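Now for the letters of each chain:
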Protein chains: 4
Amino acid sequence: MSGTTGRGADVGLDLDLDLEEAGAVLAAEAARFASFGWMRGTSGNLSVVVSRDPVRLAVTASGRDKGELTPSDVVLTDDQGAAIGAGRPSAEAALHARVVRLTGAGAVAHVHTVASVALGRRRPEGIAFRDLEMLKGLGHPTHEVAVTLPVIGNSQDMGVLGDRLEAALSPGMPAVVVAGHGLYVWGADPREARHRVEVVEWLLELELAGG
Amino acid sequence: MSGTTGRGADVGLDLDLDLEEAGAVLAAEAARFASFGWMRGTSGNLSVVVSRDPVRLAVTASGRDKGELTPSDVVLTDDQGAAIGAGRPSAEAALHARVVRLTGAGAVAHVHTVASVALGRRRPEGIAFRDLEMLKGLGHPTHEVAVTLPVIGNSQDMGVLGDRLEAALSPGMPAVVVAGHGLYVWGADPREARHRVEVVEWLLELELAGG
Amino acid sequence: MSGTTGRGADVGLDLDLDLEEAGAVLAAEAARFASFGWMRGTSGNLSVVVSRDPVRLAVTASGRDKGELTPSDVVLTDDQGAAIGAGRPSAEAALHARVVRLTGAGAVAHVHTVASVALGRRRPEGIAFRDLEMLKGLGHPTHEVAVTLPVIGNSQDMGVLGDRLEAALSPGMPAVVVAGHGLYVWGADPREARHRVEVVEWLLELELAGG
Amino acid sequence: MSGTTGRGADVGLDLDLDLEEAGAVLAAEAARFASFGWMRGTSGNLSVVVSRDPVRLAVTASGRDKGELTPSDVVLTDDQGAAIGAGRPSAEAALHARVVRLTGAGAVAHVHTVASVALGRRRPEGIAFRDLEMLKGLGHPTHEVAVTLPVIGNSQDMGVLGDRLEAALSPGMPAVVVAGHGLYVWGADPREARHRVEVVEWLLELELAGG
């Protein structure tokens with residue numbers, strides 16, 4: 001639905017996806033991830049592209065319990081992750097926006113899973129996966145592939161973190177682990193991003209299980 | 001209920017189980033398995049025999065979130081797993097059909113559990129279980145038995161995979177692990193298949209726990 | 001509520017607890033345990049004393065999914081665990097009845113947890129716990145105690161299994177592990193039995209975690 | 001809402017937070033923690049400050065299932081944790097009150113998690129964390145910090161336990177592990193306390209996972 005009558009209209013934007021609708025979708029996705037224990041405390045954040053020209057994102061508001069978001073707990077940002085209109089996005093909105101610019105993704109999910117941080121510490125050079133059917137869930141036509149989940153160093157400077165992410169992007173792997181921090185995953189829309197988060201986390205849990 | 005007034009009728013079939021009813025049963029079973037984390041992403045698929053003469057299966061549609069299936073997210077296939085009428089089944093429908101032909105099962109469940117893939121890697125020659133009460137859940141009259149859960153190599157060719165499954169079938173074990181992939185389990189009906197999935201997964205989790 | 005108008009009345013018994021009410025309580029307890037993964041397949045069974053003079057038990061019916069019991073999925077047994085009236089109890093009803101006779105318990109819970117079987121294999125001589133606050137949940141006035149959870153060999157003969165349980169009973173530990181099988185726990189009523197199951201399982205999970 | 005018409009009024013107190021409202025909040029928080037398996041049996045207890053001058057706490061009643069509390073399952077205590085009016089608080093109410101006096105916290109959560117007891121045993125000198133983004137969930141402005149979660153010896157004497165807690169308080173860490181017992185965490189209000197419990201437990205689970 002066009003945003004001409006929604007919150008997008010308040011800031012003079014004609015959005016492809018109304019901001020309230022985007023907020024409802026992100027709240028449902030966040031509640032799902034939270035139920036898995038992947039957004040403990042108020043950690044993590046989700047975003048969806050609500051306009052392509054110009055690029056605009058809806059990003060979950062900072063500091064909220066991710067199992068209790070409402071459709072209005074969302075902030076509109078520009079293509080740099082800076083807020084447009086009311087609300088304060090997570091500082092990490094800038095990294096979401098960078099992922100969108102770099103990859104053309106329509107949705108980005110950032111979660112704090114124990115498995116991603118545990119394996120990021122063991123494999124700072126990246127986490128390799130091969131010969132696993134689950135890799136088809138990332139778009140590969142067969143299990144007979146070898147891919148690497150990049151691990152990048154953490155930073156509070158989103159420009160630095162974005163440069164590291166850009167330098168580390170790995171073909172056939174729509175995800176990056178930030179060491180000591182968590183997991184970024186992206187897809188065409190929030191549902192594809194969700195499925196890819198689940199696939200990457202499954203791969204990490206397999207590694208943790210010694211598989 | 002006969003399928004003469006359901007979707008089976010659309011393709012000129014008189015099914016023992018109406019396709020919509022079959023879809024409702026499979027959706028409920030899939031949601032249950034998904035809640036355990038055994039169908040992450042869009043992985044896995046379930047089937048039920050809806051006609052014995054000729055053999056016809058209802059198989060979950062491909063590419064859907066297994067926690068969100070509806071009764072219509074199901075495809076009718078012949079005894080080779082080829083679609084009859086509308087919809088696209090998973091390629092793995094051919095393996096479901098092969099299991100039905102080989103074993104006479106009335107329902108087949110294929111799930112992607114971390115434990116099955118982790119142990120399939122450690123025990124490529126098969127996973128042995130003995131002296132466990134839980135084996136009675138697979139139909140054994142006592143715990144004093146020794147059985148092996150076969151592990152077969154993965155393939156994208158369902159004919160190859162089916163041949164491996166046929167060669168590996170193990171007495172007293174209605175299940176097979178596909179290495180790097182997941183678990184196939186079967187039973188007389190979806191409920192028995194469910195219980196056997198739970199039993200086999202419990203056995204695998206026990207092994208993972210070093211038990 | 002007296003059972004004079006309930007199913008107990010059908011067999012000429014004046015029960016302290018109506019059989020349907022007992023079934024409702026056990027169904028709720030079973031659904032709770034099943035949600036934790038402690039009654040996979042159709043494993044485990046629960047009982048509650050519905051009459052003391054003579055001793056009569058309500059025991060969950062055999063072969064049902066423990067997450068889907070209804071108030072009528074319960075069987076009345078005598079003090080040996082033999083059915084009175086309709087229905088077939090688990091063969092293990094005889095062990096429930098023996099626990100009641102030996103300990104005076106009002107409720108018995110038998111669950112199949114991975115932790116109990118894993119640790120029963122590692123510690124066939126019994127599993128020792130000491131200096132743990134959680135032991136107060138078994139009735140100890142302080143954490144400064146040392147108790148042992150007995151491990152007994154499995155058998156399909158309930159007389160043999162009962163003799164082993166009787167010989168193994170450990171002061172201050174209302175529970176026994178049956179090797180390769182699962183956990184028996186008892187208490188004054190279903191709620192106390194539930195809390196003790198949770199405490200014992202917590203202790204076992206702590207041991208599994210290397211704590 | 002003022003407590004002038006609530007249960008606080010019954011004991012002549014004008015509370016900042018009505019006791020029934022406090023009970024409803026604590027019941028919801030307890031049900032949440034119980035669903036994670038952090039309050040097995042009837043373990044753990046929660047409190048919230050309902051008056052600052054004089055200091056008064058609402059503390060969950062002792063001996064109840066923490067997944068089934070009602071708004072009235074709460075006891076009013078003074079600044080030493082002694083009951084005012086009806087009801088019996090946990091003996092540990094005295095430790096909750098001590099934490100409030102020492103730290104100015106508005107809410108205290110005490111949970112029994114397997115991870116806290118397992119790691120308290122391995123690291124009796126305290127559990128160190130550094131370079132983890134999740135530490136920002138405890139109020140740190142960056143991940144580039146090193147903090148220690150203190151571990152103190154258990155005691156049934158709340159004065160002794162309180163002295164140990166006071167001596168162990170660690171800057172930037174609103175939590176303490178009691179060895180062989182569980183975790184105390186505090187915050188400005190029940191929601192902040194909840195988020196900090198989740199963050200600390202996440203850190204402990206990471207350590208358990210070898211991360």
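Remember, predicted model here, so these are calculated numbers, not experimental data. (Residues numbered from 1 in each chain as written. Chains lettered and ligands numbered in written order. Predicted model: local features only at pLDDT ≥ 70, side-chain atom pairs only at ≥ 80, totals over all residues. Heavy atoms only, no water.)

Caption draft 1: Molecular detail of the sheet that holds strand S9 (residues 182-187) of chain C. All names here are of chain C. Taken together, seven strands build an open sheet; the order of strands is S3-S2-S1-S4-S9-S8-S7 and the sheet is mixed. Of all the strands in the sheet, just strand S3 (74-77) and strand S7 (151-152) have a single pairing partner and so form its edges. Sheet analysis places strand S1 (residues 45-52) next to strand S2 (residues 55-60), joined by five bridges and oriented antiparallel. Its bridge partner being in S2, Val49 is matched across the sheet by Leu57. (Pairing = 2+ DSSP bridges. Helix = DSSP H or I, 4+ residues; strand = E, 2+ residues; numbered from the N terminus.)

Caption draft 2: Seen up close, the interface of chain A and chain B. With 24 residues of chain A at the interface, the matching set in chain B holds 20 residues. Remark: the boundary between chain A and chain B carries five salt bridges. Of the charged contacts, one joins Asp65 of chain B and Arg32 of chain A as a salt bridge, the two residues approaching to 3.3 Å between their closest N and O atoms. Counting every contact that joins chain A to chain B gives 15 residue pairs in polar contact (both at pLDDT 80 or more). Sort the elements by how many residues they give to the side of chain A that touches chain B and helix H6 (residues 190-208) of chain A lands first, with nine residues. (Contact = heavy atoms within 4.5 Å. Salt bridge = Lys/Arg side-chain N within 4 Å of Asp/Glu carboxyl O. Polar contact = N/O pair within 3.5 Å; in protein donor to acceptor, adjacent residues only side chain to side chain.)

Caption draft 3: Geometry of the arrangement of the chains. A minimum C-alpha distance of 14 Å separates chain A and chain C, which share no contact. Separated in space, chain B and chain D share no contact, their closest pair of C-alpha atoms being 14 Å apart.

Caption draft 4: Representation of the packing of helix H2 (residues 19-35) of chain B against helix H6 (residues 190-208) of chain B. Residues and elements named next belong to chain B. For the pair H2 and H6, the least separation of the axes is 11 Å and the interaxial angle reads 15°. Our classification of the angle between H2 and H6 gives roughly parallel. Here H2 runs over H6; the crossing is right-handed. The segment H2 lies against H6, with Val25, Glu29, Arg32 and Phe33 engaging Pro190, Arg194, Val197 and Glu198. For the contact of H2 with H6, the class distribution of residues is four nonpolar, no polar and four charged. (Axes fitted to C-alpha atoms, helices over the stretch in contact; angles between N-to-C directions. Parallel < 35°, antiparallel > 145°, perpendicular 65-115°, else oblique. Left-handed = near helix turned anticlockwise from the far one by under 90°. Nonpolar A, V, L, I, M, F, W, Y, C, P; charged D, E, K, R; others polar.)

Caption draft 5: Molecular detail of the relation of the copies chain A and chain B. With an RMSD of 0.0 Å, the operation that places chain A on chain B is a rotation of 90° combined with a shift of 0.0 Å along the axis. Here the two chains are linked by the operation of a four-fold rotation axis. Among all residues of chain A, the one whose C-alpha sits closest to the rotation axis is Ala209 of chain A, at a distance of 6.8 Å. (Least-squares fit on C-alpha atoms with pLDDT ≥ 70 in both.)

Caption draft 6: Examining the nonpolar core more closely. Core analysis: the largest hydrophobic core is formed by 47 residues, its most contacted members being Phe129, Leu149, Leu203 and Leu204 of chain B. Setting aside residues up to four positions removed in sequence, Leu149 of chain B forms contacts with Gly126, Ile127, Phe129, Met173, Ala175, Val176, Val177, Leu183, Val200 and Leu204 of chain B. (Core = buried A, V, L, I, M, F, W, Y, C linked by side-chain atoms within 4.5 Å. Buried < 20%, exposed > 50% of the residue type's maximum accessible area, 1.4 Å probe, protein only.)

Caption draft 7: Structural view of helix H4 (residues 114-122) of chain B. Burial of H4 of chain B is extensive: seven of the nine residues sit out of reach of the surface. Three or more residues of H4 of chain B are buried, namely Val114, Ala115, Ser116, Val117, Ala118, Leu119 and Gly120 of chain B. For H4 of chain B, the elements touching its buried residues are H6 of chain A together with strand S5 (127-130), strand S7 (151-152), strand S8 (175-178), strand S9 (182-187) and H6 of chain B.

Caption draft 8: Summary view of the interface of chain A and chain D. Counting from both sides, the interface comprises 20 residues of chain A and, opposite them, 24 residues of chain D. Carbon and sulfur atoms make up 51% of the surface buried where chain A meets chain D, a total of about 1,800 Å² over both sides. Interface area lost by chain A to chain D is led by Arg40, Val114 and Gln156 of chain A, which between them contribute 35%. Here chain A is connected to chain D by five salt bridges. Here chain A is connected to chain D by 15 residue pairs in polar contact (both at pLDDT 80 or more). Among the elements that make up the side of chain A that touches chain D, the one with the highest residue count is helix H4 (residues 114-122) of chain A (five residues). Tallied by class, residues from the side of chain A that touches chain D come to four nonpolar, ten polar and six charged. (Buried area = accessible area lost by both parts, 1.4 Å probe.)

Caption draft 9: Highlighting the packing of helix H3 (residues 93-103) of chain D against helix H5 (residues 158-168) of chain D. All names here are of chain D. It is the contact of H3 with H5, at a shortest axis distance of 9 Å, that shows an interaxial angle of 30°. It follows from the interaxial angle that H3 and H5 lie roughly parallel. Two packed elements cross with a definite hand, and for H3 against H5 that hand is right-handed. Contact residues: H3 offers Ala94, Leu95, Arg98, Val99 and Leu102, while H5 offers Met158, Gly159, Leu161, Gly162, Asp163, Leu165 and Glu166. Its residues assigned to classes, the contact of H3 with H5 comprises seven nonpolar, two polar and three charged.

Caption draft 10: Region of the structure containing the pattern of salt bridges. Inspection of every chain in the model, using the stated rule, returns 56 salt bridges over all chains. A salt bridge links Asp163 of chain B to Arg98 of chain B; its shortest N-O distance comes to 2.5 Å. Residue Asp163 of chain B is found in helix H5 (residues 158-168), and its partner Arg98 of chain B is found in helix H3 (residues 93-103); the two are separated by 65 residues along the sequence. Of the residues examined, Asp163 of chain B reaches a relative accessible area of 45% and is grouped as partly exposed. If you follow the salt bridges from partner to partner, you end up with Glu29, Arg32, Arg191, Arg194 and Glu198 of chain A together with Asp65 and Glu68 of chain B in one network.

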